[in-house]
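Letter by letter, the chains look like this.
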Amino acid sequence: MTTTELFAIALLLSKMLTAFSVNDDDDDEKASRGKVSKFCIDADRHPVVPKVDYLLCSAKLNDSVLFECRFCGDPAGERQGRIWYRQDGEQLKKPREVELDMDNDPNLSRVRLTPDSSLLVRNLRLEDAALYSCRAAEGQHVDHNFSYRLELVLESSEKEETGNMKAWKKYQKSKLSPVTLLLAAEDNEELANIREEGVQLEVISEWGRWGPCGECIKFGRGNKTRRAYCRIRSRILKEVNEDENVMPATMEFFALSPLIPCRSRTLSERFPEVSNLTKSIPDFILVEKCKPCKKKKRNRKKKFKYKKRYLLNEGANFSLDCPGANAESDIVWEKDSKVLVKGKGYSFRKKDPTSRVLVDTHFTVYFKDVSVSVVKSRKCVSCRSRGELGSCKDPFMLNSTQIANEKGVVAEDCASGWCMKIIESKNLNNEYGIATERACLQRGPDDSEERCDFATRRNKRVFMCYCRGDMCNTSTRMSSSLSSYLLPLIIAIVPSVMTIFTRKET
């Protein structure tokens, strides 16, 4: 089978997979690139409510969560013989095995397992609220089971509060205690019925885990944070008569949910008056000093991890894979700063009737009928000189033929397609001995906008320009944008100065 036939098959399969997942592809792409809330259980965890063996987790709609099948801090590794089960929040039905998505591309699977048997759920829906448990498969034995109860919450209308332990005690007195008193004494039909059925409600804080020691200040000291989640704790004060086979609905709800988030969606549907009192309470972030704190070294020189050149005949067909990539990798292919979307064909010649470049669902790039228009790279002038006699001065006077014969001036290939020009001047007043530098940018600006402006480089104020195009850093138009702003300003200032002098003379 020829490479052309393989390219056609890959394009057909890619279109089929895209058609099947057209409804959820955008959401899955956002979830795969967005932040994932990770939850794990401490080995020495002390539950807020006795006899509650699960960890209460709260998340919003369309968020992504990861439930780990191990204790916090345990090394990640492959864990065989683990199965995830789910049970509805009311626990009326028996647990059943979690249905996993079996897409060939893991990035398109909304519910899937990671290599260490953790459960990843993307783009949360209302039906995802349940009790999840990681247990041993039949015939296997493990030391611990891990259970998580997922509750979907409403959007927070208040910003979370931050401070030390003293600030938290103040937050507790001003935010939590008044609401607890209202739940116990408010003259309201819904709250009165809850109290009559023997249910006592209390607003408390449930502490999460300490984060790492970060935000380094000096002398190896930094800050660590810990979140205090707003929770409603319920206690059943009335005993159920043995003669009654059915527990009252209100008592049954709080007996099965002894701890519930203050902004719980389920609570807002079942008990709206209780939710109105608690949904506006923000969480609290506790901040404490810590050490040692290690600063992360900034890698200022961003270089390509892999760089390889190919010598091809025009009209050849070939494919490229990303070295070191695996199922968990988030790969993006670009050509001249343009992102190539998987499953979509591209052509970089205007007269081409069909696509000649394709990224399949496994992030392999296929090239068909390679030509100079595809592989041609843009060039930038690379040089540096000082003063009026330098060959790199502005304006640049050399053409492509003269550049090849000029010492110290090179037209180098630029993979990003972005060139730069730097004039080491504070105000562009033609000072003596100004240094001018031209080079290739390894990576273009995030907004892909050409610009010229003053900036600080190596503790010096310089005039810097970014442009996109072949040999574009030889043009003087790069500084025209600044002059267009300065000219009206000068015209506006001159008449006012003349007026001042006229008044003084009179």
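Source: prediction; values computed, not measured.

Enquirer: Would you explain the side chain of Asn223 in this entry?
Expert: You can see Asn223 is positioned in strand 12 (residues 222-236). When its relative accessible area of 14% is taken as the criterion, Asn223 is described as buried.

Enquirer: Help me understand the sheet that holds strand 9 (residues 146-152) in this model?
Expert: Sheet strands line up and pair through hydrogen bonds in the backbone, either parallel or antiparallel. What the 5 strands build is an open sheet, ordered 2-9-8-4-5; its pairing is mixed. Two strands close off the open sheet at either side, each with one partner strand: strand 2 (55-59) and strand 5 (96-97). Bridge count between strand 2 and strand 9: 5 bridges; the pairing is parallel. Note on strand 9: the bridge partner recorded for Cys57 is Leu150.

Enquirer: Looking at this structure, I do not really get the pairing of strand 3 (residues 64-71). What am I missing?
Expert: Two faces, one strand: in a regular strand the side chains alternate between the faces of the sheet. Among the 8 residues in strand 3, 8 count as buried, and that is most of the element. Sheet topology places strand 1 (residues 36-41) next to strand 3; 5 bridges connect them, and they run parallel. When the sheet's bridge partners are listed, Phe39 is paired in strand 3 with Phe67. Pairing of strand 3 with strand 7 (residues 119-121), which is carried by 3 bridges, proceeds in the antiparallel orientation. By the bridge assignment, Leu66 is partnered in strand 7 with Leu120.

Enquirer: What's the story with helix 4 (residues 189-196) in this structure? I'm lost.
Expert: Structurally, the α-helix is built with 3.6 residues per turn, so residues lying three or four positions apart point the same way. Looking at helix 4, one finds that the buried residues are Glu190, Leu191 and Ile194. Across the axial projection of helix 4, the buried residues extend over an arc of 95 degrees, all falling on one side. Exposed side of helix 4, more than 90 degrees from the buried face: Glu189 and Glu196 are the residues found there. Against helix 3 (165-185), strand 11 (199-207), helix 5 (249-256) and helix 7 (272-278) lie the buried residues of helix 4. Gly198 sits one or two positions beyond helix 4 and adopts a positive phi of about 85 degrees.

Enquirer: I tried to follow the sheet that holds strand 24 (residues 435-441) on my own but got confused; where do I start?
Expert: Strand order in the open sheet made by the 6 strands is 22-21-24-23-26-25, with antiparallel pairing throughout. Of all the strands in the sheet, the pair left with one neighbour each is strand 22 (410-414) and strand 25 (451-457). Strand-to-strand, the axes of this sheet are offset by a mean angle of 30 degrees, without reference to chain direction. Pairing of strand 23 (residues 418-423) with strand 26 (residues 460-468) involves 6 bridges; the strand directions are antiparallel. Paired with Lys421 across the two strands is Cys465, which belongs to strand 26.

Enquirer: Where do I start with the environment of Asn317 in this structure?
Expert: You can see Asn317 is positioned in the loop between strand 14 (284-290) and strand 15 (318-320). Through-space distance from the C-alpha of Asn317 to that of Asp369 is 5.6 Å; in sequence the pair is 52 residues apart. Among the polar contacts listed, one links the side chain of Asn317 to the backbone nitrogen of Asp369, at a separation of 2.7 Å.

Enquirer: Looking at this model, I keep getting lost on the state of the cysteines. Mind explaining?
Expert: Defined simply, a disulfide is a covalent bond joining two cysteines at their sulfur atoms. Per the stated rule, a full pass over the model turns up 10 disulfides. The disulfide partner of Cys213 is Cys290, and the gap between their sulfur atoms is 2.0 Å. Sign of the S-S torsion, about 95 degrees for the bond between Cys213 and Cys290, identifies this disulfide as right-handed. Taken together, the residues span a long stretch of sequence, with Cys213 in the loop between strand 11 and strand 12 and Cys290 in strand 14 at a distance of 77 residues. Shown here is the disulfide that connects Cys467 with Cys472, its sulfur atoms set 2.0 Å apart. Handedness of the Cys467-Cys472 disulfide follows from its S-S torsion of about 85 degrees: it is right-handed. Taken individually, Cys467 and Cys472 each receive the classification buried, so the pair is uniform in this respect. Residue Cys57 stays outside any disulfide, its sulfur separated by 9.6 Å from that of Cys40, the closest cysteine. On the accessibility criterion, Cys57 (0% relative accessible area) is buried.

Basis of the calculations
Residues numbered from 1 in each chain as written. Predicted model: local features only at pLDDT ≥ 70, side-chain atom pairs only at ≥ 80, totals over all residues. Heavy atoms only, no water. Helix = DSSP H or I, 4+ residues; strand = E, 2+ residues; numbered from the N terminus. Buried < 20%, exposed > 50% of the residue type's maximum accessible area, 1.4 Å probe, protein only. Pairing = 2+ DSSP bridges. Arc of directions from axis to C-beta. Contact = heavy atoms within 4.5 Å. Axes fitted to C-alpha atoms, helices over the stretch in contact; angles between N-to-C directions. Polar contact = N/O pair within 3.5 Å; in protein donor to acceptor, adjacent residues only side chain to side chain. Disulfide = S-S within 2.5 Å.

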